[in-house]
Number of protein chains: 2
Amino acid sequence: MSEADAPSDFHKTITDLGGAALADRLRFVTEIDKLKGILRQTPLLDRSRKENDAEHSWHLAMMACVLADYAASEVDMLRVIRMLLIHDIVEIDAGDTFLYDTSAAAEAQEEKEQAAADRIFGLLPEAQAKEFRTLWDEFEAHESADAQFARAMDRTQPFLHNFLTEGMMWQQHGVQADQVRKRMTVIADGSPALHDLVQSLIDEAETRGYFGTA
Amino acid sequence: MSEADAPSDFHKTITDLGGAALADRLRFVTEIDKLKGILRQTPLLDRSRKENDAEHSWHLAMMACVLADYAASEVDMLRVIRMLLIHDIVEIDAGDTFLYDTSAAAEAQEEKEQAAADRIFGLLPEAQAKEFRTLWDEFEAHESADAQFARAMDRTQPFLHNFLTEGMMWQQHGVQADQVRKRMTVIADGSPALHDLVQSLIDEAETRGYFGTA
Ligand SMILES: [Ca+2]
């Protein structure tokens with residue numbers, strides 16, 4: 001048996017087989033498989049392991065479908081879902097940063113993510129690369145209604161996982177109730193109803209002793 | 001610290017906190033976390049482990065975005081993506097069946113999946129449950145253009161993973177070239193260009209000795 005195709009070999013194999021038009025796209029499709037290996041600081045609900053970015057992105061897209069009626073204003077669901085599907089792809093190169101991390105590493109993250117966006121979206125044909133990059137920039141800017149609803153999903157899901165695992169990561173990282181309250185305020189921009197519920201769940205979590213101590 | 005909320009407790013907690021309208025939806029959102037624990041017979045490209053259904057669903061939705069221009073006929077991308085996001089959710093109860101499995105277990109699978117669809121989509125408010133069920137039924141029937149394109153993604157992705165891991169699962173399960181050729185013909189319904197490429201890649205895989213022996 002011959003050696004497995006390296007990424008660049010696979011691009012050549014496809015081109016040699018007459019699939020040149022598809023080669024860039026499939027090179028991107030195989031590259032993003034790496035997102036399944038980027039672990040987050042969120043436990044699965046069964047506490048068996050940490051969640052990875054690919055399954056997280058799927059979960060957020062599902063949440064957006066299910067919670068669309070609770071968006072703050074009218075949103076374009078196809079744009080919201082596409083935004084959520086791609087929002088963490090840059091972490092293939094840049095890695096995940098914990099939401100409550102305030103170190104210099106977290107500040108350097110933006111630069112790394114910009115370079116990652118250039119490289120990874122840049123694997124696609126130019127028009128498509130630009131489309132994905134624009135969508136990702138919009139998510140990062142969190143100014144449009146679509147981006148704000150998408151971000152509400154991205155904040156709510158890890159919160160729910162922490163609540164339902166008795167503050168597993170809050171305990172581990174010494175995260176306190178007021179830090180979470182502050183971080184979760186942006187949910188209001190995307191979904192006031194969800195924001196109200198999350199703030200009530202924070203109070204409930206505090207009563208139950210789910211948070212860490214300083 | 002008190003006990004963690006069981007699923008039914010969480011529904012009650014949300015309702016008690018004034019979030020009754022959201023309780024069914026968030027119950028569903030937490031239930032589908034289990035999809036991350038359903039393993040498939042597809043290796044990740046780095047061969048580190050088997051893929052799970054949640055990250056697989058994300059990957060297919062991404063492929064649909066990237067390959068939309070190669071659909072056999074005009075497709076509604078929002079419907080295609082939603083179909084792909086939910087298409088394996090029934091496997092939370094029914095488990096995954098290997099594509100080349102011809103045992104009685106595979107035949108019993110459909111019945112199990114119907115019951116799973118009743119239970120899991122049934123957690124949602126009625127209108128939404130019906131919407132998801134209709135979409136899943138449409139995917140399973142593979143008659144509409146949207147469903148055929150979605151299925152082309154579902155067949156192509158594991159194929160690519162097998163090709164790029166030198167037929168890891170083909171070898172392990174003794175899957176032969178002609179079985180794969182036959183299984184991949186349906187890709188033509190959703191994307192003729194992708195089908196042509198996949199058939200050429202099967203020839204190439206055969207030359208390289210990636211397939212199993214009977
Ligand atoms: Ca399946």
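Taking an unreviewed UniProt entry as the reference, chain A is identified by name as HD domain-containing protein belonging to Hwanghaeella grinnelliae.

Asks: Outline the interface of chain B and chain A, supporting the account with residue identities and numerical values.
Replies: For an interface, size is often stated in terms of accessible area lost upon the parts coming together. Taken residue by residue, the interface counts 66 residues in chain B and 66 residues in chain A. One can count 4 salt bridges joining chain B with chain A. Between B:K36 and A:E51 there is a salt bridge, with the nearest N and O atoms lying 2.7 Å from each other. Taken together, the links from chain B to chain A amount to 26 residue pairs in polar contact (both at pLDDT 80 or more). Sorting the residues of the side of chain B that touches chain A by element identifies α1 (7-16), α2 (20-31), β2 (50-52), α3 (53-67), α4 (77-86), α7 (126-141), α8 (145-164) and α12 (192-208) of chain B as the ones contributing at least two each. Among the elements that make up the side of chain B that touches chain A, the one with the highest residue count is α3(B) (11 residues).

Asks: So what's going on with the coordination of the calcium ion? Which residues, and what values?
Replies: Taken together, B:D88 (OD) and B:E91 (OE) make up the protein donors of the calcium ion, found 2.6 to 2.8 Å from the metal. The pair B:D88 / B:E91 is uniform in exposure class, with both members buried.

Asks: Any chance you could break down the nonpolar core for me, citing the residues and the numbers?
Replies: Residues A:F28, A:I89 and B:I89 are the most contacted members of the largest nonpolar core, which totals 132 residues. Sequence-distant contacts of A:F28, defined by excluding residues within four places in its chain, comprise A:I89, A:I120, A:F121, A:L123, A:L124, A:F132, B:M62 and B:V66.

Asks: Summarise α8(B); cite the residues concerned and give the values.
Replies: All names here are of chain B. For α8, spanning 20 residues, the distance from its first C-alpha to its last is 29 Å, which sits close to the expected 28 Å at 1.5 Å a residue. Counting buried positions along α8 yields 19 of 20 residues, so the element is predominantly enclosed. Once α8 ends, the next one or two residues include E166, with phi positive near 55°.

Asks: Now, about the relation of the copies chain B and chain A: what can you tell me, with residues and values included?
Replies: Between the two chain copies there is a screw-like relation: a rotation about an axis and a shift along it. Screw-axis analysis of chain B against chain A gives a translation of 0.0 Å along the axis, an RMSD of 0.0 Å, and a rotation angle of 180°. Such a combination of turn and shift is consistent with a two-fold rotation axis. Residue by residue, 100% of the interface of chain B is reproduced at the interface of chain A, so both copies engage with the same surface.

Asks: Outline unusual backbone geometry, supporting the account with residue identities and numerical values.
Replies: What is expected of a backbone is that most residues other than glycine have negative phi and most peptide bonds are trans. Residues and elements named next belong to chain B. Look at H142: it is not a glycine, yet its phi comes out positive at around 35°. You can call H142 partly exposed: its relative accessible area is 32%. One non-glycine residue, E166, adopts positive backbone phi at about 55°. By the element assignment, E166 lies in the loop between α8 and α9 (168-173).

Asks: I'd like a description of helix α2 (residues 20-31) of chain A, backed by residues and values.
Replies: Residue and element names in this part refer to chain A. For α2, which comprises 12 residues, the first-to-last C-alpha distance of 17 Å matches the rise-based estimate of 16 Å (1.5 Å per residue) to within 8%. Counting buried positions along α2 yields 9 of 12 residues, so the element is predominantly enclosed. Taken together, the buried positions of α2 are occupied by L22, A23, R25, L26, R27, F28, V29, T30 and E31.

Asks: Outline the side chain of A:N162, supporting the account with residue identities and numerical values.
Replies: Residues and elements named next belong to chain A. Mapped onto the elements, N162 comes out in helix α8 (residues 145-164). When its relative accessible area of 6% is taken as the criterion, N162 is described as buried. Ignoring anything within four residues of it in the chain, the contact list for N162 reads G167, M168, M169 and W170.

Basis of the calculations
Residues numbered from 1 in each chain as written. Chains lettered and ligands numbered in written order. Predicted model: local features only at pLDDT ≥ 70, side-chain atom pairs only at ≥ 80, totals over all residues. Heavy atoms only, no water. Contact = heavy atoms within 4.5 Å. Salt bridge = Lys/Arg side-chain N within 4 Å of Asp/Glu carboxyl O. Polar contact = N/O pair within 3.5 Å; in protein donor to acceptor, adjacent residues only side chain to side chain. Helix = DSSP H or I, 4+ residues; strand = E, 2+ residues; numbered from the N terminus. Donors = N, O, S within 2.8 Å, 3.2 Å for Na, K, Ca; no water. Buried < 20%, exposed > 50% of the residue type's maximum accessible area, 1.4 Å probe, protein only. Core = buried A, V, L, I, M, F, W, Y, C linked by side-chain atoms within 4.5 Å. Expected span 1.5 Å × (residues − 1). Least-squares fit on C-alpha atoms with pLDDT ≥ 70 in both.

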